[in-house]
Amino acid sequence: MVQVNDNYLKLKAGYLFPEIARRVKAFSANNPDAQLIRLGIGDVTEPLPKACREAMKVAIDDMGTVEGFHGYGPEQGYSWLREKIAKHDYQARGCEIVADEIFVSDGSKCDSSNILDILGFGNRIAVTDPVYPVYVDSNVMAGNTGPAQKSGRYDGLIYLPISAENNFQASLPEEKVDIIYLCFPNNPTGAVCSKEELAKWIAYAKSNDALILFDAAYEAFIQDENLPHSIYEVEGARECAIEFRSFSKNAGFTGTRCAFTVIPKSLSGIGIGGKYVDLWSLWNRRQSTKFNGVSYIIQRGAEAVYSPEGSLQVKELVAFYMQNANIICSELSNAGFSVFGGKHAPYVWLRVPDGMDSWGFFDDLLTKVNVVGTPGSGFGFSGEGYFRLSAFNSRANVEEAMRRISSL
Ligand code: MLT
C-alpha cells in the first residue's frame, strides 16, 4: 500500500478559507433567501484594468499567428516583464534589483510554500501569531514541525505574538532562528512596518545568518510615501531576504494568476560540508524542473500594469478598495468597535465584542446579518478575540454590510 505524507495528518481541520466556505455553504443551503455579503477571503471583485485586458486581447491574437505564437516560455518569466518589474518596482525606488533576480510565477501563495523546496530540514522557523496560515501549513506539510498543540500552535515553530498591545509589531526572537516570515502590509492585521523597524529585522537576520521571507503582496495599498514598499529599500536586505509580490490584489489577477518572487544573487545558505550555496541557483533549478512559466497572454496583461494607462487604472482600483476600507473603519468605529489596519491595507482588523470569541462573532454575523468575515483565531492562537473584514467588494455591498453590522 502506498505510504502517505504523514505530515498532512498533523494539520488542523481544513485550510481556513475552504472551512469558512463550507460553513457559509451549509448556512446558505438552509437559508436560500439570505442575501450574503462576503467580506471574508481577500478576493478582488472589480473588473481587470482595461489596459491589462487590451494587452491580453492583443496577446491572444499574437497566439493566432505563426510569428506571434508562443509555446513554452522561459520558466523564470519573459524578460520584457522581468525588466519592467525591476525598473518600476525596484530601481525606481532605489533598490538594487535586476531583472535576472525576478522569477515570474502564478502566485505568492504557491511561491511562499514552494520556497521550502530549496531550504533544508532542521531550520528554526519563526512566524508571527496571528499569521497568514499558508506559512504555517506549508511548513507542517514539509515536515518542519511537530504535532499541533491544544492551542492550535505547532511544536517546533517559534511564534512571535502580535496584538494591539504591541501595535502589531513582533519583537525580535529571543532565541536564534534561521527563517523568519514577515508580511507587510500585514495580512491579517493590516499593520505596516517603517524602514527603521525593518532595519532591526535585517540587522537580526544578518547577525544570526537568518533568512527573511518577506511577503509584500499588499504593498500597492500603502498610502504613506515614507513607508517601504519593498524590503530591499532597506540596506542589507539583499544579503538576507527573499521577497514575494503579486498582481492579484493591485491589478485584480486573483483569477488570472500572476506574481513574482525576488531572489537576490547575493543570498546564500549552507550546504553539505558547511559550504555556501547561492539560493538563486537553487530556485532557478527548482523552477526549471517543476514549473513551466505563466502563460504568455497573462504575462502580457501583467506587463500592461506598468504602462502609463495601466498604472493609472491600477491606482484607481487600489483607491477604490481603500475607500471601502475607510468606510469600514469609520462605520465600525462609530458603532463602537476597536478597529485596526485599513489605512495601508485592504484588511480591517477589529476586536470582537466583549464576551464573544472569534468564531462566535463569525456565526453571529453570518446568521443574524448575513455578512461573512474571517475569525481572527483562524490566523492563529493570538488572533482569538479579533476578526478580519476585507475591503474587496462593491461600494454598495460594503455600505450595506456596515449598516447591517451597526444594527446588531
Ligand atoms: C486572504 O484572504 O488572506 C487572501 O485571499 C489569501 C491569499 O491571497 O491567498
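Just above, that's the structure.
Residues numbered from 1 in each chain as written. Predicted model: local features only at pLDDT ≥ 70, side-chain atom pairs only at ≥ 80, totals over all residues. Heavy atoms only, no water.

Draft legend 1. Examining the overall build of the protein more closely. When you go through the protein residue by residue, the secondary structure sums to 12 helices and 15 strands. If one aligns the C-alpha atoms of the protein with their principal axes, the spans along those axes are about 55 × 55 × 55 Å. The 408 residues of the protein split such that 54% are buried. Long-range contacts, defined here as pairs at least 24 residues apart, represent 73% of the contacts in the protein between residues at least 6 apart. Total accessible area on the protein stands at roughly 17900 Å², and carbon and sulfur atoms take up 52% of it. (Helix = DSSP H or I, 4+ residues; strand = E, 2+ residues; numbered from the N terminus. Buried < 20%, exposed > 50% of the residue type's maximum accessible area, 1.4 Å probe, protein only. Contact = heavy atoms within 4.5 Å. Areas by Shrake-Rupley, 256 points an atom, 1.4 Å probe, with all protein chains shown as cover.)

Draft legend 2. Region of the structure containing the packing of aromatic side chains. Tallied over the full model, the rule gives 27 aromatic pairs. Look at Phe-103 and Trp-280: their rings are 5.8 Å apart centre to centre, the planes differ by 50°, and that puts the pair in the tilted class. With Phe-103 in strand β2 (residues 102-105) and Trp-280 in helix α8 (residues 279-290), this residue pair connects regions lying 177 residues apart in the sequence. No difference in accessibility class separates Phe-103 from Trp-280, as the two residues are buried. Judged by centre distance (5.1 Å) and plane angle (65°), the ring pair of Tyr-218 and Tyr-347 falls under edge-to-face. Of this pair, Tyr-218 sits in the loop between β6 (211-215) and β7 (241-246) while Tyr-347 is found in strand β12 (residues 347-351), placing the two residues 129 residues apart along the sequence. (Phe/Tyr/Trp six-rings, centres within 6.5 Å; stacked < 30°, edge-to-face > 60°.)

Draft legend 3. Expanded view of the site of the ligand. For the ligand, the full set of nearby residues is Phe-17, Ile-41, Gly-42, Lys-109, Tyr-132, Asn-187, Tyr-218, Lys-249, Tyr-347 and Arg-388. Gly-42 places a main-chain nitrogen or oxygen 2.6 Å from an oxygen atom of the ligand. Between the ligand and the protein, one listed contact pairs an oxygen atom with a side-chain N or O atom of Arg-388 at 2.7 Å. Protein coverage of the free-state accessible area of the ligand, which is 270 Å², stands at 85%. Residue classes in the shell around the ligand are distributed as 5 nonpolar, 2 polar and 3 charged. (Near = heavy atom within 4 Å. Polar contact = N/O pair within 3.5 Å; in protein donor to acceptor, adjacent residues only side chain to side chain. Nonpolar A, V, L, I, M, F, W, Y, C, P; charged D, E, K, R; others polar.)

Draft legend 4. Summary view of the sheet that holds β2. Taking strand neighbours across the sheet as the criterion, the 7 strands line up as β2-β8-β7-β6-β5-β3-β4 in an open arrangement whose pairing is mixed. Both edges of this open sheet fall to β2 and β4 (157-161), since each of them pairs with a single strand only. Each strand of the sheet is rotated relative to its neighbour by a mean of 20°, with strand direction disregarded. With 4 bridges joining them, β2 and strand β8 (residues 259-262) adopt antiparallel strand pairing. Across the sheet, residue Val-104 finds its bridge partner in β8, namely Phe-260. (Pairing = 2+ DSSP bridges. Axes fitted to C-alpha atoms, helices over the stretch in contact; angles between N-to-C directions.)

Draft legend 5. Structural context of the packing of helix α3 (residues 79-90) against helix α9 (residues 296-303). Orientation of α3 relative to α9, taken along the N-to-C sense of each, is 25°, at an axis distance of 10 Å. Taken together, α3 and α9 sit at an angle that is classed as roughly parallel. α3 and α9 meet at a crossing whose hand is left-handed. Only Tyr-296, Gln-299, Arg-300, Ala-302 and Glu-303 of α9 make contact with α3, whose side of the interface consists of Trp-80, Leu-81 and Lys-84. For the contact of α3 with α9, the residue count by class is 4 nonpolar, 1 polar and 3 charged. (Parallel < 35°, antiparallel > 145°, perpendicular 65-115°, else oblique. Left-handed = near helix turned anticlockwise from the far one by under 90°.)

Draft legend 6. Molecular detail of the sheet that holds strand β11 (residues 339-341). Here we have 4 strands laid out as an open sheet, ordered β11-β12-β15-β14, and antiparallel in their pairing. Both edges of this open sheet fall to β11 and β14 (374-375), since each of them pairs with a single strand only. Strand direction decides the pairing type here: β14 and strand β15 (residues 386-390), joined by 2 bridges, are antiparallel. Across the sheet, Pro-375 pairs through a bridge with Phe-387, a residue of β15.

Draft legend 7. The side chain of Glu-243, seen in detail. Counting through the fold element by element, Glu-243 comes out in strand β7. Classification of Glu-243 by relative accessible area gives buried; the value is 0%. Side chain to side chain, Glu-243 and Tyr-90 meet in a polar contact 2.6 Å long. Dropping the residues within four chain positions of it, Glu-243 is found in contact with Tyr-90, Phe-214, Ala-216, Ser-230, Ile-231, Tyr-232, Phe-260, Thr-261 and Val-262.

Draft legend 8. Structural detail: the environment of Val-136. By the element assignment, Val-136 lies in helix α5 (residues 133-141). The class of Val-136 is buried, set by a relative accessible area of 8%. It is 9.2 Å that separates the C-alpha atoms of Val-136 and Ser-113, two residues lying 23 residues apart in sequence. Beyond its immediate chain neighbours, meaning those up to four positions away, Val-136 contacts Val-127, Val-131, Tyr-154, Leu-157 and Tyr-159.

Draft legend 9. Layout of the pattern of salt bridges. On inspection of all chains with the given rule, the structure shows 23 salt bridges. Ionic pairing is found between Lys-57 and Glu-54, a salt bridge with its closest N-O pair at 3.8 Å. One end of the pair is Lys-57 and the other is Glu-54, both in helix α2 (residues 50-63) and 3 residues apart, which spans about a single turn. Look at Glu-54 and you get partly exposed, because its relative accessible area is 34%. We note a salt bridge from Lys-290 to Asp-117, for which the minimum N-O separation is 2.8 Å. Placement of the pair is Lys-290 in helix α8 and Asp-117 in the loop between α4 (108-114) and β3 (125-129), with a sequence separation of 173 residues. You can call Lys-290 exposed: its relative accessible area is 55%. One salt-bridge network, held together by shared partners, links Asp-89, Glu-219, Glu-243 and Arg-245. (Salt bridge = Lys/Arg side-chain N within 4 Å of Asp/Glu carboxyl O.)

Note that every value here comes from positions in space, so none of it alone points to a role or purpose.
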